[in-house]
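Summary of the model geometry
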Amino acid sequence: MKIIEKIMLKCSNEMDNARIRDIKRRFKFCGKQVIIYPSCQIIVPEEMEIGDNSSIAPCTTVYATFGVIIGRNCLISSNCGISSYNHIQNSLDRAGNPHEDHKYSKPVKIGNNVWIGMNACILPGVEIGDNSIIGAGSVVTKNVPSNEIWIGNPARFIKKLNL
């Protein structure tokens with residue numbers, strides 16, 4: 001690798017690290033040993049909480065506009081979408097009435113020790129219980145109890161975990 005490429009890579013990494021530090025400082029709460037990859041997008045980080053030892057893998061987007069809580073020891077895999085934000089449902093008002101969106105938006109809560117597989121989508125108002133697993137590519141539209149595996153679109157119960 002040429003010297004100029006090494007310098008550019010180092011500058012890019014330093015800028016990414018500074019951006020992540022800034023986002024973490026803006027969180028409502030950020031635990032210890034939290035890993036957030038630079039390619040993640042956190043929208044309204046001031047409304048997000050994340051517990052100790054949790055990580056958000058590359059290319060994940062979190063819309064925390066109406067609150068997102070991620071517990072301790074969680075693994076959010078690559079390319080996931082987590083959103084507490086939703087749009088007004090009347091198509092005639094959708095583009096012109098953003099002040100009504102709060103009626104359709106709800107916080108998301110992800111418990112402790114949760115694993116969310118690659119490309120999963122967690123929709124507004126969903127709560128995922130402790131120790132649960134969400135399969136890759138799943139679309140979670142309703143609450144998931146603790147100690148369960150859910151997969152599919154829409155996500156459905158597969159089995160209870162014996163912990």
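Each remark here, short or long, concerns the structure printed above.
Residues numbered from 1 in each chain as written. Predicted model: local features only at pLDDT ≥ 70, side-chain atom pairs only at ≥ 80, totals over all residues. Heavy atoms only, no water.

**What about unusual backbone geometry?**
- Omega for the peptide link from N153 to P154 comes to 0 degrees, which places this bond in the cis form.
- Mapped onto the elements of the fold, P154 is located in the loop between β16 (148–151) and β17 (156–160).
- Of note, N131 is a non-glycine position whose phi angle comes to about 65 degrees, a positive value.
- Turning to its location among the elements, N131 is positioned in the loop between β13 (127–128) and β14 (133–134).
- Even without glycine at this site, N147 takes up a positive phi of about 60 degrees. (Helix = DSSP H or I, 4+ residues; strand = E, 2+ residues; numbered from the N terminus.)

**Remarks on the sheet that holds strand β6 (residues 61–63)**
- The five strands are arranged β3-β6-β9-β12-β15 in an open sheet whose pairing can be described as parallel. Pairing within the sheet leaves two strands with one partner each, and these edge strands are β3 (41–43) and β15 (139–140).
- The pairing of β3 with β6 spans three bridges and is parallel. Within β6, the residue paired with I43 across the bridge is Y63. (Pairing = 2+ DSSP bridges.)

**Considerations on the packing of aromatic side chains**
- Evaluation of the coordinates by the stated rule reveals one aromatic pair.
- Residues F66 and Y85 carry aromatic rings whose centres are separated by 6.0 Å and whose planes lie at 20 degrees to one another, so their mutual orientation is stacked. Placement of F66 in the loop between β6 and β7 (68–70) and of Y85 in the loop between β9 (81–83) and β10 (108–110) is noted, with a sequence separation of 19 residues between them.
- Judged by its relative accessible area of 29%, F66 is partly exposed. (Phe/Tyr/Trp six-rings, centres within 6.5 Å; stacked < 30°, edge-to-face > 60°. Buried < 20%, exposed > 50% of the residue type's maximum accessible area, 1.4 Å probe, protein only.)

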